[in-house]
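Structural description and commentary
If you want the building blocks of each chain, they are given just below.
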Amino acid sequence: MGHLTPFFRLAALLAGNNIKVTFITPSPTVSLAESQTLFRFFASFPEINQKQFHLLPLDKHPSNSEDPFYYHMERICQSSHLLSSLLSSLSPPLSALITDMSLASPAISITQALNLPNYVFFTSSAKMSTLFMSFHALIDSEATTDLDEIEAIKIPGLEAIPRSWIPPPLLQNTNNLLKTYFLENGKKMAESSGILVNTFESIEHEPLRKLNEGKVIEGLPPVIAIGPLAPCEFEKIQPLPWLDEQPAGSVVYVSFGSRTAMSREQLKELGEGLAISGHRFLWMVKDKKVDREDEEDLGQVIGSGLMEKLKEKGLVVKYWLNQEAILSHPAVGGFLSHCGWNSITEAIWNGVRILAWPQHGDQKINADIAEKIGLGTWEKSWGWGEETAVNGTDIAEKIKEMMGNELLRHQAMHIREEARTAVEIGGSSRMGPMELIETWKKT
Ligand code: UDP
Ligand code: UDP
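Residue numbers here run from 1 along each chain, matching the order of that chain's written sequence. Labels are handed out in written order, letters beginning with A for the chains and numbers beginning with 1 for the ligands. Residues qualify for local features only when their pLDDT is at least 70, as the model is predicted, and side-chain atom pairs are given and counted only at 80 or more; totals for whole chains, interfaces and linings, by contrast, use all residues. Here the side-chain values reflect all heavy atoms present in the structure, with hydrogen atoms and water set aside.

1. A word on unusual backbone geometry
The residue after Ser-91, namely Pro-92, is reached through a cis peptide bond having omega -5°. Following the sequence through the fold, Pro-92 ends up in the loop between helix H4 (83–89) and strand E3 (97–100). Of note, the amide linkage connecting Gly-227 to Pro-228 takes the cis form, showing an omega dihedral of -5°. Numbering of helices and strands starts at the N terminus; helices are DSSP runs of H or I of at least 4 residues and strands are runs of E of at least 2. Secondary-structure assignment places Pro-228 in the loop between strand E8 (223–225) and helix H9 (233–236). For Asn-18, which is not glycine, the phi torsion reads 60° and is therefore positive.

See below:
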């Protein structure tokens, strides 16, 4: 969902500017959230043409990863040769393809053979893109023989990224899917026609500048800020009767995105923490990475005793609700978030302050951005999600601090204004996409 959602919003932006959009979706999907949201997206944009890309079964399951979303990426990559005939068969012929960063390598090879411009959409932060695109150079460098010895990754022109913020699989000396995917796709990005990033100047000025000056890696195409992409109408339409009854700014929204399940032990501590904090809250519980497998009810997952206690002040749910409808609701005053990049851009879009609790992947790098721009606070001693269980009293303390922090609330509102200005006519994230649209209309 973290890749699909920004693609929906980009497609909507293009269609709204009279571009004929074909949206290629892999079939089957991993999660129910993906298939249901795809259905709603195409129902609300009948002008967008859907093409299903039927995936081949995997030759063999990669052995060093248990993540079903990674299997799926692998399956898309292994089927990617079939994309060529699909792209050539479209009528009218394509002016350009926009590819997800995780498919940069196979997709660019295909479009090079077809002589078709290929833009890569990087769905995380520009800062994360600097790591993504320069990682292969670090691995290739003669100085790097043992990844266990790396204390920080120095990205040319930018502040070094401390070891503890790097997605741990990247620092394993043995190969794994994430590392291979970083090396291959990150390197191939330089051969794309342009790199689109869901970010904006005032929060990521430095990485955007260094990328475009060729400091990070030489020979990159233009890196174009296009964010924050505005949410689609269909994401906002959702009844939220419990939230409607809560006072303005009083509710802490707690969610760790679409693919992060916490241990039962951590879920219980978090529940205790919410109860102790004394604040109202809306908590999205995930017990399994893939929603289709998340079958046990809340009583079984966090215990009926704790559930009773939680009902006094909060609402606990274990099904998909559109986050945009929640974050834009006036009752919501804070967000305990894993700092997936979409969650950060959505919090910015709605001016909601964050308590950052990164769990894996790019999330510490994103949490650092949230902290530096004044959107949120981050308790670094909590580490990665699976490292240690954080206890409820500590969680309650940090929630109270965030909800009591008026400066943070003001700053979040200020960043919201900057974000909206960036995408208005004349804004820094408006010019790039508009120029591309004009180019594509001419071809
Ligand atoms: N999301 C949602 N409802 C949920 C959980 C997530 O609508 O219960 C959306 C959220 O708004 C965001 C995306 O799913 O657009 C998750 O992306 P993010 O980058 O925040 O995290 P990821 O799921 O990739 O870890
Ligand atoms: N990533 C990706 N595609 C994948 C898995 C990971 O693009 O199938 C990227 C992800 O966006 C992030 C980094 O790899 O930049 C770390 O992966 P993580 O497991 O956190 O994935 P995410 O939850 O962000 O999809």
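Now, onward.
2. Side note on the sheet that holds strand E4 (residues 118–122)
Pairing between two strands is assigned when DSSP locates at least 2 bridges connecting them. On the basis of which strands lie adjacent, the open sheet formed by four strands has the order E3-E4-E7-E8 and parallel pairing. If you trace the sheet from one side to the other, it starts and ends with E3 and E8, each paired once. Sheet twist, expressed as the average angle between the axes of neighbouring strands with direction ignored, equals 30°. Of the strand pairs in this sheet, E4 and strand E7 (residues 194–197) are connected by four bridges, and their pairing is parallel. Among the inter-strand pairings, Val-120 is bridged to a residue of E7, identified as Ile-195. In this analysis, axes come from line fits to C-alpha atoms, helices being fitted only over the stretch in contact, and the angle between any two N-to-C directions falls in the range 0 to 180 degrees.

3. Comments concerning the site of ligand 2
Residues are labelled near a given molecule or strand when at least one of their non-hydrogen atoms is within 4 Å of it. Residues in close proximity to ligand 2 total 13 residues, the closest being His-3, Tyr-70, Met-73, Tyr-181 and Arg-259. Polar contacts here mean pairs of N or O atoms no more than 3.5 Å apart (in protein, one a potential hydrogen donor and the other a potential acceptor; neighbouring residues in sequence count only if both atoms are side-chain atoms). Contacts to ligand 2 include His-3, whose side-chain N or O atom sits 3.3 Å from an oxygen atom. Take Tyr-70: an N or O atom from its side chain is 2.8 Å from an oxygen atom of ligand 2. The accessible surface values rely on the Shrake-Rupley method and a 1.4 Å probe; as for residues, cover is taken only from the protein chains in view. A total of 480 Å² of accessible area belongs to ligand 2 in isolation, and the protein chains cover 89% of it. No other element matches the three residues that helix H7 (residues 177–188) contributes to the shell around ligand 2. For each domain, the first and last residues come from an automatic or database assignment. In this structure, the shell around ligand 2 is formed jointly by two domains, domain 1 (3–226) and domain 2 (239–419), each of which donates at least three residues.

4. What to know about the sheet that holds strand E14 (residues 376–378)
A sheet is described by the order of its strands in space; here six strands give the open sequence E11-E10-E9-E12-E13-E14, paired in parallel fashion. Lying at the two open borders of the sheet, with one neighbouring strand each, are strand E11 (314–317) and E14. For this sheet the average axis-to-axis angle between neighbouring strands, irrespective of direction, equals 15°. In this structure, strand E9 (residues 251–255) lies alongside strand E12 (residues 332–337), joined through five bridges in parallel fashion. Looking across to E12, one finds that Val-254 is bridged to Leu-336. Sheet strands touched by helix H11 (residues 264–277): E9, strand E10 (280–284) and E12. Its angle to E10, the strand with the most contacts, is close to 160°. By the convention used here, residues are in contact when the closest approach between their heavy atoms is within 4.5 Å.

5. Brief notes about the pattern of salt bridges
Any carboxyl oxygen of Asp or Glu within 4 Å of a side-chain nitrogen of Lys or Arg constitutes a salt bridge here. Taken as a whole, this structure holds 23 salt bridges when the rule is applied. A salt bridge links Arg-209 to Glu-206, with the shortest nitrogen-to-oxygen separation between them at 3.2 Å. Of this pair, Arg-209 and Glu-206 both sit in helix H8 (residues 201–212), three residues apart, which is roughly one turn of that helix. For Glu-406, the salt bridge identified is with Arg-409, shortest N-O distance 2.7 Å. Here Glu-406 pairs with Arg-409, and both are found in helix H18 (residues 406–423), just three residues apart, close to one helical turn. Through salt bridges with shared partners, one network takes in Glu-206, Arg-209, Lys-210, Glu-213 and Lys-215.

6. Examining the site of ligand 1
Taken together, 17 residues are adjacent to ligand 1, and Ser-258, Leu-321, His-338, Ser-343 and Glu-346 come closest. At 2.9 Å, a side-chain N or O of Asn-342 approaches an oxygen atom of ligand 1. One nitrogen or oxygen atom from the side chain of Glu-346 is found 2.6 Å from an oxygen atom belonging to ligand 1. Relative to its unbound accessible area of 530 Å², ligand 1 is 93% covered by the protein chains.

7. Concerning H18
Spanning 18 residues, H18 covers 27 Å between terminal C-alpha atoms, matching the ideal 26 Å at 1.5 Å per step. Summary of the burial criterion: residues with accessible area below 20% of their type's maximum are buried, those above 50% are exposed, and those between are partly exposed, where the area comes from a 1.4 Å probe applied to protein chains only. When we look at burial in H18, the residues that qualify are Leu-408, Ala-412, Ile-415, Ala-419, Ala-422 and Val-423. The buried residues of H18 occupy an angular sector of 80° when the element is viewed end-on, so they sit on one face. For H18, the exposed residues lying more than 90 degrees away from the buried face are Leu-407 and His-410. Along its buried surface, H18 packs onto H8, helix H15 (341–350), strand E13 (354–356), E14 and helix H17 (392–404). With a side-chain oxygen positioned 3.2 Å from the backbone nitrogen of Leu-407, the residue opening H18 is Asn-405. A helix is expected to span 1.5 Å for every residue after the first. Working note: the arc is built from the helix axis to C-beta atom directions.

8. Considerations on the pairing of E10
Most of E10 sits inside the fold, with four of its five residues counted as buried. Pairing geometry for E9 and E10, over four bridges, is parallel. Looking at the pairing, Val-252 lines up with Phe-281 of E10. A right-handed crossover is one whose linking path, passing over the helix from the first strand to the second, runs clockwise when the strands point away from the viewer. In the classification by handedness, the crossover that spans E9, the intervening H11 and the parallel E10 is right-handed. Looking at chain direction, E10 and E11 are connected through four bridges and run parallel.

9. Quick notes on the side chain of Gln-359
If you trace the backbone, Gln-359 turns up in the loop between E13 and helix H16 (363–372). Its relative accessible area of 7% is what places Gln-359 among the buried residues. Within the structure, Gln-359 has its side chain in polar contact with the backbone oxygen of Trp-357 (distance 3.0 Å). The contacts of Gln-359, once residues within four sequence positions are left out, are Phe-256, Thr-260, Met-262, His-338, Trp-384 and Gly-385.

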